[in-house]
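Residue strings, one per chain:
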Amino acid sequence: MKAQLAIIGGGPAGLAAAIAAHEAGVRDILILERDRECGGILNQCIHNGFGLHYFGEELTGPEYAGRFIDMLKDTSVRVLSDTMALDLTPERVIHTVNTAEGYMQIEAGAVILAMGCRERTRGAISIPGTRAAGIFTAGAAQRYVNIEGYMVGKRVVVLGSGDIGLIMSRRLTLEGAEVLACVELMPYSSGLTRNIVQCLEDFGIPLYLSHTVTDIRGKNRVEGVTVSRVDENRRPIPGTEMIFDCDTLLLSVGLIPENELSKQAGIILDPRTNGPEVYENMECSIPGIFACGNVVQVHDLVDFVSEEAQLAGRSAAEFLQKGSKPAGRLITLTGGSDVSYTLPQKIRFDAMPDRIKLSFRVRRSFGESKIILRAGDAILASFKRSHMAPGEMERVTLPKKLLNEVSGNEIILEVKEA
Amino acid sequence: MQDIVIIGCGVIGAACAYELAKYNLAVTILEASSDVANGTTKANSAIIHAGYDPIPGTGMAKLNVEGNAMMDALCRRLDIPFKRVGSHVLAFTEEELITLRTLYERGTANGVPELRLLTAEETKAMEPSVSEEVKGSLFAPTAGIISPWELTLAMAEVAVRNGVTLKLNTPVTAIERRDGHFTVITPKERIDCRLILNAAGIHAGEIMSMAGDTPCETVFSRGEYYLLDKSEGDRVSSVIFQCPNRDGKGVLVAPTVHGNLIVGPNAESIDSPDTANTSRGLNFTRTQAMKSVPSLSIRDNIRNFAGIRANHSGEDFLIGESAKVPGLFNLAGIKSPGLTASPAIAKLAAEWVGKRLSLTEKQDFTDGRKVIRFKHLTAAEKQTVIAENPLYGRVICRCETVTEGEILAALRSPIPPTTINGVKRRVGAGMGRCQGGFCGPRVQEILSRELGIPMEEINLDEDGSYILTGRTKGEQIK
Ligand SMILES: Cc1cc2nc3c(=O)[nH]c(=O)nc-3n(C[C@H](O)[C@H](O)[C@H](O)COP(=O)(O)OP(=O)(O)OC[C@H]3O[C@@H](n4cnc5c(N)ncnc54)[C@H](O)[C@@H]3O)c2cc1C
Ligand SMILES: Cc1cc2nc3c(=O)[nH]c(=O)nc-3n(C[C@H](O)[C@H](O)[C@H](O)COP(=O)(O)OP(=O)(O)OC[C@H]3O[C@@H](n4cnc5c(N)ncnc54)[C@H](O)[C@@H]3O)c2cc1C
């Protein structure tokens with residue numbers, strides 16, 4: 001099979017990219033989605049809070065996804081659902097499998113990666129104890145509760161204060177479970193402030209910062225967990241153990257971009273984001289392959305996913321219509337010591353539009369502070385913030401004209417207390 | 001009246017059942033767990049040892065080398081993964097170089113083929129990731145890696161297909177003996193038999209007591225592991241041991257047949273057979289492993305687990321007919337290399353049985369087994385299996401690329417799985433980096449649908465390991 005543009009993943013990123021590419025004139029677009037329906041992770045996010053930036057109103061996850069799915073109806077975009085992309089080659093051949101067409105090789109003129117991310121598990125943090133039933137990643141529990149309609153436990157401890165864990169603390173409480181505690185290894189939460197207030201504080205669920213789970217009991221089903229305080233090096237402090245009698249442990253300990261296909265294709269990944277390195281137009285290290293959404297960087301707000309995906313969609317259209325961008329002057333963007341990552345990693349000066357958005361995350365919480373863009377000793381721009389936290393992605397706009405004036409090809413984004 | 005009751009369906013019980021299924025005998029296996037291979041057999045290093053560790057002249061030495069040599073043909077017949085990747089024992093000091101020489105001599109005495117003592121340079125050339133501190137190694141090309149639970153399952157399946165009865169969830173609680181035969185008692189029934197093969201692993205001593213024998217010494221020795229992501233799977237290409245010590249063969253780093261990297265075990269004597277992981281044990285394991293392979297990326301861990309050795313102070317397996325209770329054959333004290341020796345132990349057990357009962361071969365015995373592993377098929381083969389059964393086109397486990405077709409095939413096999421972990425052991429769904437976070441609920445749905453039992457009654461593993469606690473409020477109203 002052939003397609004001008006193949007998009008792997010039909011979540012909000014894939015959908016928005018498809019629509020943008022269609023608007024830019026591409027007609028032969030194929031979305032590959034392994035689930036029965038498009039919508040991605042949004043389908044299980046039945047809470048409010050989506051679309052404030054993008055649509056200017058508060059929608060639930062399925063409503064937000066539904067708007068994009070509706071927009072697709074009037075286009076020539078084809079969706080192959082229940083279809084898993086198994087392999088991707090640098091020549092942009094995608095190997096897929098489904099029950100109807102069987103095993104296929106799709107030759108694509110351009111490819112957009114929109115596979116989203118997956119959850120870190122117990123193994124990634126090596127929690128000691130038994131391997132009983134009743135240990136769930138928060139997203140898996142969310143699926144059981146919101147899509148399948150099943151309860152995962154009665155007395156719950158949540159490890160990790162990421163947004164999904166926070167949302168699920170509230171959800172399980174509303175469903176009649178008792179959420180005994182939310183335990184966070186770091187001295188700050190990695191979730192959005194609004195979620196801490198609305199999901200924990202409003203329900204009287206205690207948040208234990210600088211604590212972690214150090215043991216799990218129960219032979220067949222979880223019977224309890226031990227929670228200990230940790231020191232500055234995140235090591236448990238003996239003597240601080242608290243024991244919770246619970247039947248369930250929910251893990252919300254981080255998300256990892258899903259980049260198996262990118263690795264197979266030989267796309268260069270950034271160890272800081274765990275996603276592909278991208279240029280200013282969301283193109284990866286292999287020409288004609290673009291990426292957007294959680295596969296590139298873990299987003300907290302779907303609105304920004306849609307925005308990023310539109311850029312990828314437009315860029316893929318441009319690639320199909322005009323071919324590769326000229327190499328020319330290449331500028332790299334990196335972060336200072338308190339910045340965990342910056343995006344895009346590379347900017348092709350000649351191809352750059354008048355302005356581009358840079359996104360990044362800080363490593364620790366900041367109060368009144370400044371974001372500084374520097375090239376060597378020259379300060380290109382600085383932006384004020386009253387608050388920044390690791391749980392919230394930050395974005396700034398970089399106008400092209402600022403780069404006209406600098407000679408170096410390295411830009412550093414730094415953050416400082418004001 | 002059964003001719004033989006086998007107690008326990010770990011690798012030893014299953015190997016015996018497979019061997020005895022070839023003869024006209026009435027054989028029943030009683031297994032306490034909800035599945036086969038659910039004891040020590042599922043939680044070990046999965047190495048087919050070359051055979052330089054056991055003391056020359058012991059039964060263990062002979063059975064190890066014999067078992068090792070049987071593996072290629074056995075695994076090919078049973079269609080299970082086995083790779084002779086070879087092993088290195090590393091020496092870090094002059095003293096350990098002397099230990100290597102001792103092991104070399106032992107191995108040669110035991111009949112281990114092709115052993116070689118390598119210099120540091122030769123070792124590094126073969127295994128570039130090992131530490132710069134290495135002074136030399138003992139290389140054994142015949143060492144291999146295997147999937148212990150698939151081996152066990154395959155042997156048990158062929159046995160069952162050829163008429164052996166397997167009863168799961170059936171713990172033996174007492175044994176009576178009168179008029180030259182036994183009555184084996186379980187919570188569900190009493191089974192009369194002529195001979196007993198006691199393959200109850202770390203619980204073999206308890207079975208000995210039940211039957212009126214003097215129980216063997218059992219020291220529970222826990223070994224803890226890390227299983228790393230496939231991204232670490234080719235960190236080393238062979239099994240990297242350290243010099244053995246008082247507690248066992250030490251911490252190893254090895255590829256697995258599924259493409260991951262296994263790291264462990266430590267050795268800790270404990271009072272009760274508790275397979276929980278401990279931060280102490282894991283820390284020790286990690287530190288020791290880094291000594292062999294400093295570049296190891298432990299943060300790519302996907303799962304920890306622990307297994308219990310049936311240790312004792314002797315240098316050999318404690319196997320043979322009980323002196324006190326004729327007709328009771330104990331397969332006890334099967335510490336490492338029990339997995340390796342299992343097919344050879346089973347041959348021996350069949351010889352013992354042959355001295356008591358007449359062995360005539362079944363005319364209609366069918367050996368071997370074939371399984372479809374979708375991800376290992378070529379593109380054309382994939383197309384063909386999906387054309388025959390479209391469910392091979394539906395990927396359920398995305399990390400390991402396991403299809404619904406494979407899960408249904410397992411459900412129609414001679415020993416169908418009933419739990420999430422049972423499916424995992426048969427087809428690999430949930431073994432990958434997301435550890436069943438994505439496919440777990442889908443596997444549960446398939447089990448519920450195919451077994452005709454509600455979602456809430458599907459267990460992760462043993463009885464009591466329930467996953468769901470009821471319906472949500474919205475669903476209750478419906
Ligand atoms: C639990 C949770 C709560 C959230 N809450 C909010 C909120 O309140 N407000 C807000 O604005 N944002 C929220 N977000 C963030 C937002 O939903 C995500 O950032 C957004 O869904 C990411 O979109 P995506 O398309 O990149 O990824 P996904 O939504 O994950 O979509 C990826 C899609 O790709 C498919 N796919 C992956 N691999 C393959 C393959 N190999 N072959 C075929 N298909 C494949 C997947 O099935 C999936 O449909 C939340 C996120 C989560 C996880
Ligand atoms: C940490 C560790 C690492 C090892 N590494 C290796 C290695 O790399 N290579 C190697 O060759 N060997 C290795 N071994 C040894 C090997 O794992 C064992 O020798 C082998 O698995 C023992 O098998 P088994 O069938 O005797 O015991 P098990 O697998 O424990 O089987 C015994 C079965 O009996 C059942 N049972 C118990 N009591 C009863 C009862 N009353 N009624 C009914 N059923 C009962 C149990 O449920 C269990 O299923 C290792 C062992 C450990 C612990």
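Criteria and thresholds
- Residues numbered from 1 in each chain as written.
- Chains lettered and ligands numbered in written order.
- Predicted model: local features only at pLDDT ≥ 70, side-chain atom pairs only at ≥ 80, totals over all residues.
- Heavy atoms only, no water.
- Helix = DSSP H or I, 4+ residues; strand = E, 2+ residues; numbered from the N terminus.
- Rg over C-alpha atoms; globule rule 2.2 N^0.38 Å.
- Buried < 20%, exposed > 50% of the residue type's maximum accessible area, 1.4 Å probe, protein only.
- Contact = heavy atoms within 4.5 Å.
- Areas by Shrake-Rupley, 256 points an atom, 1.4 Å probe, with all protein chains shown as cover.
- Lys, Arg positive; Asp, Glu negative; His and termini not counted.
- Charge placed at Lys NZ, Arg CZ, Asp CG, Glu CD.
- Buried area = accessible area lost by both parts, 1.4 Å probe.
- Salt bridge = Lys/Arg side-chain N within 4 Å of Asp/Glu carboxyl O.
- Polar contact = N/O pair within 3.5 Å; in protein donor to acceptor, adjacent residues only side chain to side chain.
- Nonpolar A, V, L, I, M, F, W, Y, C, P; charged D, E, K, R; others polar.
- Pairing = 2+ DSSP bridges.
- Bend = angle between axes of the 7 residues up to and from the residue.
- Near = heavy atom within 4 Å.
- Phe/Tyr/Trp six-rings, centres within 6.5 Å; stacked < 30°, edge-to-face > 60°.
- Lys NZ or Arg CZ within 6 Å of the ring centre and 35° of its normal.
- Expected span 1.5 Å × (residues − 1).
- Axes fitted to C-alpha atoms, helices over the stretch in contact; angles between N-to-C directions.
- Domains from an automatic or database assignment.
- Core = buried A, V, L, I, M, F, W, Y, C linked by side-chain atoms within 4.5 Å.

Peer 1: I keep staring at the overall build of chain A and nothing clicks. Help me out?
Peer 2: A count of helical and extended segments in chain A gives nine helices and 30 strands. In summary, chain A has a C-alpha radius of gyration of 22 Å against a globular reference of 22 Å for 418 residues, a match within 12%. Dimensions along the principal axes, computed over C-alpha positions, put chain A at roughly 65 × 60 × 40 Å. Looking at chain A residue by residue over its 418 residues, the buried ones come to 60%. For chain A, the share of sequence-separated contacts (at least 6 apart) that also reach a separation of at least 24 residues comes to 63%. Surface exposure of chain A reaches about 16,100 Å², of which carbon and sulfur atoms provide 50%. Averaged over its 45 positive side-chain charges, chain A has a centre that lies 2 Å from the centre of its 52 negative ones.

Peer 1: Whenever I open this one, the interface of chain A and chain B confuses me. Can you help?
Peer 2: Interface extent is often summarised as the accessible area lost during association of the parts. Each partner contributes residues to the interface: chain A has 43 residues there, and chain B has 53 residues. Summed over both partners, the interface of chain A with chain B comes to about 4,000 Å²; 52% of that surface belongs to carbon and sulfur atoms. Sorting the residues of chain A by area buried against chain B places Y103(A), R131(A) and Y150(A) first, and these three jointly supply 18% of that buried surface. Our count for the chain A to chain B interface comes out at three salt bridges. At the surface where chain A touches chain B, the tally comes to 21 residue pairs in polar contact (both at pLDDT 80 or more). Only strand 6 (84-88), strand 7 (93-98), strand 8 (102-113), helix 3 (122-125), helix 4 (138-148) and strand 11 (150-151) of chain A provide two or more residues apiece to the side of chain A that touches chain B. Ranked by residues supplied to the side of chain A that touches chain B, first place goes to helix 4 of chain A with five residues. Partitioned by chemical class, the residues of the side of chain A that touches chain B number 16 nonpolar, 13 polar and 14 charged. Bridge count for strand 11 of chain A against strand 23 (residues 470-471) of chain B is two bridges, and the pairing is antiparallel.

Peer 1: It is not clear to me how helix 2 (residues 59-78) of chain B should be interpreted in this structure. Could you clarify?
Peer 2: Note: α-helices contain 3.6 residues per turn, so residues at a spacing of three or four share the same orientation. Residues and elements named next belong to chain B. The largest bend along helix 2 measures about 45° and falls at M71. Every buried residue belonging to helix 2 is among M60, A61, L63, N64, V65, G67, N68, M71, L74, C75 and L78, and all of these are buried. Backbone geometry just after helix 2 places D79 at a positive phi near 55°.

Peer 1: Quick question: what am I supposed to make of the site of ligand 1 here?
Peer 2: All names here are of chain A. Taken together, the neighbourhood of ligand 1 is formed by 34 residues, with A13, E33, I41, N294 and V302 sitting nearest. Within the backbone of A114, one N or O atom sits 3.4 Å away from an oxygen atom of ligand 1. Here ligand 1 loses 95% of its free accessible area of 1,000 Å² to cover by the protein chains. Counting residues per element, the ones that place at least two in the shell around ligand 1 are helix 1 (12-23), strand 3 (48-50), strand 6 and helix 8 (302-322). For the shell around ligand 1, the leading source of residues is helix 8, giving three residues. Residues belonging to the shell around ligand 1 are distributed by class as follows: 17 nonpolar, 12 polar and five charged.

Peer 1: When you look at the pattern of salt bridges in this model, what are you seeing that I'm missing?
Peer 2: Opposite charge on two side chains permits pairing when their charged atoms draw close. Residue and element names in this part refer to chain B. Counted under the stated rule, the structure contains 57 salt bridges over all chains. Two residues, R356 and E321, come together in a salt bridge whose shortest N-O distance is 2.2 Å. Remark: E321 occurs in strand 19 (residues 318-321) and R356 occurs in helix 8 (residues 338-356); sequence separation between them is 35 residues. With relative accessibility at 39%, the residue R356 sits in the partly exposed group. Where R412 meets E450, a salt bridge forms, and the shortest distance between an N and an O atom there is 2.7 Å. Highlighted residues: R412 in the loop between helix 10 (404-411) and helix 11 (420-427) and E450 in helix 12 (residues 440-451), separated in sequence by 38 residues. Among the residues examined, R412 registers a relative accessible area of 57% and is labelled exposed.

Peer 1: Before we go on, may I ask you to explain the packing of aromatic side chains in this structure?
Peer 2: The description of an aromatic ring pair uses the distance of the two centres, along with the angle that the planes make with each other. For the structure on display, the rule yields 11 aromatic pairs over all chains. For the pair Y54(A) and F68(A), a centre-to-centre distance of 5.6 Å together with 40° between the ring planes defines the contact as tilted. Taken together, the residues span a long stretch of sequence, with Y54(A) in the loop between strand 3 and strand 4 (59-60) and F68(A) in helix 2 (residues 61-73) at a distance of 14 residues. Judged by relative accessible area, F68(A) falls into the buried class, the value being 2%. Ring centres 4.6 Å apart and planes at 15° place the aromatic pair Y225(B) and F305(B) in the stacked group. Note that Y225(B) is positioned in strand 13 (residues 219-228) and F305(B) in strand 18 (residues 301-311), a separation of 80 residues in sequence. Across the pair, exposure class does not vary: Y225(B) and F305(B) are buried alike. Through pairs of rings, three or more aromatic residues link up here, namely Y54(A), F55(A), Y64(A) and F68(A). Positioned over the ring face of Y279(A) is R348(A), at 3.9 Å from the centre of the ring.

Peer 1: Teacher, can you tell me more about helix 1 of chain A here?
Peer 2: Residue and element names in this part refer to chain A. Spanning 12 residues, helix 1 covers 17 Å between terminal C-alpha atoms, matching the ideal 16 Å at 1.5 Å per step. Of all 12 residues in helix 1, 11 are buried; the element is thus mostly enclosed. Burial in helix 1 covers these residues: P12, A13, G14, L15, A16, A17, A18, I19, A20, A21 and H22. Along its buried surface, helix 1 packs onto strand 1 (2-8), strand 2 (29-32), helix 2, strand 8 and helix 8. A positive backbone phi angle near 105° is found at G25, which sits one or two residues after helix 1.

Peer 1: Got a minute to help me understand the sheet that holds strand 16 (residues 224-229) of chain A in this structure?
Peer 2: Strands belonging to one sheet form pairs held by backbone hydrogen bonds; the direction of such a pair is parallel or antiparallel. All names here are of chain A. Sheet architecture is open: three strands sit in the order 15-16-17, paired in antiparallel fashion. Of all strands in the sheet, those with a lone pairing partner are strand 15 (211-217) and strand 17 (242-244), marking the two edges. Adjacent strand axes in the sheet meet at a mean angle of 30°, parallel and antiparallel pairs treated alike. Of the pairings in the sheet, the one linking strand 16 to strand 17 comprises three bridges and is antiparallel in character. In the sheet register, T226 faces strand 17, and the bridge partner there is I243.

Peer 1: Sorry, what's going on with the domain arrangement of chain A here?
Peer 2: All names here are of chain A. Annotation of chain A at the domain level lists domain 1 (1-119 + 255-325), domain 2 (121-253) and domain 3 (328-418). Facing the five residues of domain 2 at the interface are seven residues of domain 3. Counting the surface lost from both domain 2 and domain 3, the interface buries some 410 Å², and carbon and sulfur atoms represent 50% of this. Among the residues of domain 2 in contact with domain 3, Y188, L192 and T193 are the three that bury the most area, contributing 74% of the side total. If you look at where domain 2 meets domain 3, you find two residue pairs in polar contact (both at pLDDT 80 or more). The class makeup of the residues in the side of domain 2 that touches domain 3 is two nonpolar, three polar and no charged.

Peer 1: For this particular structure, what's the right way to read the nonpolar core?
Peer 2: Counting 63 residues, the largest nonpolar core has L5(A), I7(A), I8(A), I94(A), I112(A) and L113(A) as the members making the most contacts within it. Looking at which domains feed residues into this core, each of domain 1 (1-119 + 255-325) and domain 3 (328-418) of chain A supplies at least three. When neighbours within four sequence positions are excluded, L5(A) is seen to be in contact with A21(A), V26(A), D28(A), I29(A), L30(A), A110(A), V111(A), I112(A), A316(A) and L320(A). Core analysis: the second largest hydrophobic core is formed by 59 residues, I12(B), A17(B), A341(B) and A346(B) among them.

Peer 1: Teacher, can you tell me more about the site of ligand 2 here?
Peer 2: Residue and element names in this part refer to chain B. Around ligand 2 sit 36 residues, and of these E31, T41, I47, I334 and T340 come closest. Taking V11, its main chain carries an N or O atom lying 3.3 Å from an oxygen atom of ligand 2. Taking I47, its main chain carries an N or O atom lying 2.7 Å from a nitrogen atom of ligand 2. Mapped onto the shell around ligand 2, the elements with two or more residues apiece are helix 1 (11-20), strand 18 and helix 8.

Peer 1: I would appreciate a short explanation of the domain arrangement of chain B in the present structure.
Peer 2: All names here are of chain B. By domain assignment, chain B separates into domain 1 (87-141 + 219-311) and domain 2 (374-457). Inter-centroid distance (C-alpha atoms) of domain 1 to domain 2 is 33 Å. Taking both sides of the interface into account, the surface hidden between domain 1 and domain 2 amounts to around 560 Å²; carbon and sulfur atoms contribute 38%. The three residues of domain 1 that bury the most area against domain 2 are K230, I302 and R303, which together make up 64% of that side's buried surface. At the surface where domain 1 touches domain 2, the tally comes to two salt bridges. Residues R433 and D229 are paired through a salt bridge, measuring 2.7 Å at the closest nitrogen-oxygen approach. For the pair domain 1 and domain 2, the interface holds three residue pairs in polar contact (both at pLDDT 80 or more). A per-class count over the side of domain 1 that touches domain 2 returns one nonpolar, two polar and three charged.

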